[in-house]
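# Geometric and topological summary
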Amino acid sequence: MSESNQERWFKIDLHIHLPPVGESGPAEGPLLKVLRRAVAGSLDIVGLVDHNSVRGYEQLRLEMSRLAVLREAGHLTAEEEAALQEYQGLLSRLLLLPGFELTTQEGAHLLALFPPDTAAERLYALLLNLGIAMERLRE
């Protein structure tokens, strides 16, 4: 039987939140902690969702971008280089789906997940169109 005809099972958690600020030390940011736990749990796919926000996903993309720019400019510290390599290593083992957990007017929670390269700005625009107030997005 060829590889394409075989079943493949994935271990998935589509409901992961960013830990509260201050839960991790400065050298171990909450984003790395989340990714480490996912890989340690042998997850293949994770959905990074926050309540009525995409802050965690936005922070991840900004941090990865910041570290990549510093590397290209030759200004990464050894600690930053180690963090960038760890991010890249962890993300090479995970499919990360960005999204949000929308609280409906009835109080129900709805998970919305998107393709891996979806821009955080697009998700913020969606939340605004769904009636989430700008003040709430900035919390």
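Below, the structure is looked at part by part.

Conventions adopted
Residues numbered from 1 in each chain as written. Predicted model: local features only at pLDDT ≥ 70, side-chain atom pairs only at ≥ 80, totals over all residues. Heavy atoms only, no water. Salt bridge = Lys/Arg side-chain N within 4 Å of Asp/Glu carboxyl O. Helix = DSSP H or I, 4+ residues; strand = E, 2+ residues; numbered from the N terminus. Buried < 20%, exposed > 50% of the residue type's maximum accessible area, 1.4 Å probe, protein only. Pairing = 2+ DSSP bridges.

### Considering the pattern of salt bridges
- Summed over the entire model, instances satisfying the criterion amount to four salt bridges.
- Here glutamate 86 ties to arginine 36 by a salt bridge, and the two come within 2.5 Å at their closest N and O atoms. Residue glutamate 86 is located in helix H3 (residues 78–93), and its partner arginine 36 is located in helix H1 (residues 30–40); the two are separated by 50 residues in the primary sequence.
- For glutamate 86, a relative accessible area of 26% corresponds to the partly exposed category.
- Between arginine 66 and glutamate 63 there is a salt bridge, and its shortest N-O distance comes to 3.0 Å.

### Some thoughts on the pairing of strand E2 (residues 45–51)
- For E2, the buried fraction is high: six of the seven residues fall into the buried class.
- In the sheet, strand E1 (residues 12–16) pairs with E2 via three bridges, with the strands oriented parallel. Bridge assignment links aspartate 13 to a residue of E2, and that residue is valine 46.
- Bridge count for E2 against strand E3 (residues 95–103) is seven bridges, and the pairing is parallel. Across the sheet, the residue bridging to leucine 48 is proline 98, located in E3.

### Concerning unusual backbone geometry
- Look at serine 42: it is not a glycine, yet its phi comes out positive at around 60°.
- Along the chain, serine 42 falls in the loop between H1 and E2.
- Residue classification places serine 42 among the partly exposed residues on the basis of a relative accessible area of 48%.
- The phi angle at asparagine 52 is positive, at roughly 55°, despite the residue not being glycine.
- Summarising the element assignment, asparagine 52 is placed in the loop between E2 and helix H2 (55–73).

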